[in-house]
Amino acid sequence: MNRGKIVRTGMHVLTQPVRRTALPVIKGAGRGLRVRFGESTLSRTIRTGEGAVEDSLLSLLRPGDVVYDIGANIGWYSLLAARTVGPSGTVLAFEPDLANADLVKRNAASNRFANVTVVPAAVSDQDGWATFLDKGSLMGRLDKDDDDAQAKRRASRDQRVNGSSPVPVISLDTWIRATGQPAPTMIKVDIEGAEIGALRGMADTLRTARPTLIIELHGTRDAVLDLLDSFDYGHEAIDWDGPTREAPWWVHVLARPTT
């Protein structure tokens, strides 16, 4: 272990009590919120993490909107959305990591947001159970490949994990029909490479409800954009200046229906 990693590990251990505390956010889009960060980054208390993405999301939301936060982690975007859509709106936070799902609930309660519902499940194109790989708070993902490019990229990266566990997995189309929950007006997706399966599993929703989408890519650009094209969605990069078809592997994409 190199010196830098030793220092980071030590700091992480020392900040554990703080990470379990609802900290005040003093800068950026989350200013005024109180957030328990758990294993996630503490830096959002004092500086903006993904300013362009946050601004894009919030500029598109209106009171009464229904937001699906897929890959909610500790609920940062769920909290931003809940405050913006107000009591007449709804936020559904999908998070398969149970520790993070609990933090979403506690963070919503700390901010008195009664309009946030946590769904402790992964979102894909199947219903049942799948293996979730623990690669740390921000990098956990389903042990599932949805196209060849995704499989190739995963095979080329560090395969070490902290463990694995079975998690419930749902397709949005089936889940909405089964639960009677309102269809989304906005969907944010950040699921570490599993976005292709998630989009396939919400095909009916995209065709009928026509929600706006914000998707973080993880080497899945071409497959994701092909799917968006097939659903008659236009798309643009949020945090990169150039055509989406030439965007880097990590970019966030804003997609809106063209018809």
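Scroll up to find the structure this text is about.
Source: prediction; values computed, not measured. (Residues numbered from 1 in each chain as written. Predicted model: local features only at pLDDT ≥ 70, side-chain atom pairs only at ≥ 80, totals over all residues. Heavy atoms only, no water.)

A. Structural detail: the pairing of strand 10 (residues 186–189). Residues M186 and K188 line one face of strand 10 and the alternating positions I187 and V189 line the opposite face, and both faces are buried. Relative to strand 10, strand 3 (residues 66–70) runs parallel, the two sharing 4 bridges. Across the sheet, the residue bridging to V67 is M186, located in strand 10. (Buried < 20%, exposed > 50% of the residue type's maximum accessible area, 1.4 Å probe, protein only. Helix = DSSP H or I, 4+ residues; strand = E, 2+ residues; numbered from the N terminus. Pairing = 2+ DSSP bridges.)

B. Molecular detail of the pattern of salt bridges. For the structure on display, the rule yields 11 salt bridges. The salt bridge partner of D229 is R245, with a shortest N-O separation of 2.7 Å. Of the two residues, D229 is situated in helix 10 (residues 221–230) and R245 in the loop between strand 12 (233–237) and strand 13 (252–257); the sequence distance between them amounts to 16 residues. Across the pair R256 and E236 runs a salt bridge whose closest N-O atoms are separated by 3.3 Å. In this pair, R256 sits in strand 13 while E236 sits in strand 12, placing the two residues 20 residues apart along the sequence. Given a relative accessible area of 40%, E236 falls into the partly exposed group. What emerges from the salt-bridge pattern is a single network uniting R44, E50 and E54. (Salt bridge = Lys/Arg side-chain N within 4 Å of Asp/Glu carboxyl O.)

C. Representation of the packing of aromatic side chains within the structure. If you walk through the whole model with that rule in mind, you get 4 aromatic pairs. Residues Y68 and F94 carry aromatic rings whose centres are separated by 5.5 Å and whose planes lie at 50 degrees to one another, so their mutual orientation is tilted. A residue pair is termed long-range when its members are at least 10 positions apart, and Y68 in strand 3 and F94 in strand 4 (residues 90–94) qualify at 26 residues. Side by side, Y68 and F94 carry an identical accessibility label, which is buried. A ring pair is formed by Y68 and W175, whose centres lie 6.1 Å apart and whose planes are at 85 degrees; its orientation type is edge-to-face. Within this pair, whereas Y68 is found in strand 3, its partner W175 is found in helix 7 (residues 172–179), the two being separated by 107 residues in sequence. Each member of the pair Y68 and W175 is classed as buried. (Phe/Tyr/Trp six-rings, centres within 6.5 Å; stacked < 30°, edge-to-face > 60°.)

D. Fine view of the sheet that holds strand 13. If you walk across this open sheet you meet the 7 strands as 5-4-3-10-11-13-12, and the pairing is mixed. Across the chains shown, the open sheet's two edge strands, defined by having one partner strand only, are strand 5 (116–119) and strand 12. Pairs of neighbouring strands in the sheet enclose a mean axial angle of 15 degrees, with direction left out of account. Sitting on the sheet, helix 4 (residues 76–85) is in contact with strand 3, strand 4, strand 5 and strand 10, with an inclination near 170 degrees to strand 4. (Axes fitted to C-alpha atoms, helices over the stretch in contact; angles between N-to-C directions. Contact = heavy atoms within 4.5 Å.)

E. Quick peek at the sheet that holds strand 6 (residues 122–123). If you walk across this open sheet you meet the 4 strands as 6-9-7-8, and the pairing is mixed. Strands with a single pairing partner mark the edges of an open sheet, and in this sheet they are strand 6 and strand 8 (141–142). Where strand 7 (residues 128–134) and strand 9 (residues 163–170) come together, 7 bridges link them in antiparallel fashion. Residue pairing in the sheet places F132 in a bridge with S165 of strand 9.

F. Representation of unusual backbone geometry. Residue R210 is not a glycine yet carries a positive backbone phi of 55 degrees. Looking at where R210 falls in the secondary structure, it is placed in the loop between helix 9 (203–208) and strand 11 (212–216). One non-glycine residue with positive phi stands out, namely D232, at about 60 degrees. Looking at the element boundaries, D232 is found in the loop between helix 10 and strand 12. Since its relative accessible area comes to 42%, D232 is described here as partly exposed.

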